[in-house]
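Observations on the model geometry
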Amino acid sequence: MATSEKEVMIVAIDDSEHSVYALEWTLNHFFTPFASNPPFKLVIVHAKPTATSAVGLAGPGAAEVLPYVDADLRKIAARVVEKAKELCITKSVNDAVVEVIEGDARNVLCEAVEKHHASMLVVGSHGYGAIKRAVLGSVSDYCAHHAHCSVMIVKKPKIKH
């Protein structure tokens, strides 16, 4: 089967252990077992927040802070991408495409699904409590309702003590 005929699977990543787990789980279940011929073309997407959204403040002083915040977000993005690529290589997945797209994760992921005509979007579950989820809104929840493809939410198992 030629690469061009393969369906696209997008895996969302950020700097959380939940998303790293989701990527690893996806590689273990959909890519590594199929060696050189996995059923999907893998696209890994990191939504880099804008400095203004990350700072969330306006007024005097905000403008001076933004370049530092942006530099920080770029460093985080580079680290996230590096980790994703390393994980792919350890799992013998060498043709993954990694993209960093600036914007809100909800929009970035739904737009990536459209752009790549993806048939599957994989997101990690952050396991937020009800209050944090109500305030922040869940990216996985938003994507499940708005992405024009199947959405798989990978949950990191709770460690039993």
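Residues numbered from 1 in each chain as written. Predicted model: local features only at pLDDT ≥ 70, side-chain atom pairs only at ≥ 80, totals over all residues. Heavy atoms only, no water.

As annotated in an unreviewed UniProt entry, the chain is Universal stress protein A from Corchorus olitorius.

Here we take up the side chain of Lys6. Checked against the element boundaries, Lys6 lands in the segment before β1 (7-13). Although Lys6 is buried, it makes no salt bridge; Asp95 carries the closest opposite charge, 5.9 Å away. For Lys6, the side chain forms a polar contact with the side chain of Asn37, separated by 3.0 Å. Within the local environment of Lys6, its side chain forms a polar contact with the backbone oxygen of Pro38, the two atoms lying 2.7 Å apart. (Helix = DSSP H or I, 4+ residues; strand = E, 2+ residues; numbered from the N terminus. Buried < 20%, exposed > 50% of the residue type's maximum accessible area, 1.4 Å probe, protein only. Lys, Arg positive; Asp, Glu negative; His and termini not counted. Salt bridge = Lys/Arg side-chain N within 4 Å of Asp/Glu carboxyl O. Polar contact = N/O pair within 3.5 Å; in protein donor to acceptor, adjacent residues only side chain to side chain.)

A positive phi angle is found at Ala35, which is not glycine, with a value near 50 degrees. Note that Ala35 resides in the loop between α1 (17-31) and β2 (40-48). On the basis of relative accessible area, Ala35 is assigned to the exposed category, the value being 55%. The phi angle at His117 is positive, at roughly 50 degrees, despite the residue not being glycine. Relative to the helices and strands, His117 resides in the loop between α4 (105-116) and β4 (120-124).

Quick look at the nonpolar core now. Grouped together as the largest cluster of nonpolar side chains are 20 residues, with contacts concentrated most on Leu23, Leu27, Phe31 and Leu42. Broken down by secondary-structure element, the contributors of at least two residues to this core are β1, α1, β2, α3 (62-90), β4 and β5 (150-154). When residues in this core are grouped by element, the largest group, five residues, is from α1. For Leu42, the residues in contact, after removing those within four places along its chain, are Met9, Val11, Leu27, Phe31, Cys88, Val93, Asp95, Ala96 and Val97. By size, the runner-up hydrophobic cluster in this structure holds 17 residues, among which are Val8, Val43, Ala118 and Ala147. (Core = buried A, V, L, I, M, F, W, Y, C linked by side-chain atoms within 4.5 Å. Contact = heavy atoms within 4.5 Å.)

Right, let's talk about the packing of aromatic side chains for a bit. In the structure shown here, the tally under the stated rule is two aromatic pairs. Between Phe30 and Phe40, the ring centres sit 5.9 Å apart and the planes meet at 80 degrees, which makes this aromatic pair edge-to-face. Of this pair, Phe30 sits in helix α1 while Phe40 sits in strand β2, placing them ten residues apart in sequence. With respect to burial, Phe30 and Phe40 carry one shared label: buried. (Phe/Tyr/Trp six-rings, centres within 6.5 Å; stacked < 30°, edge-to-face > 60°.)

Among the structural elements, Ser138 can be located in the loop between α5 (130-136) and α6 (139-146). Within the structure, Ser138 has its side chain in polar contact with the side chain of Ser140 (distance 2.9 Å).

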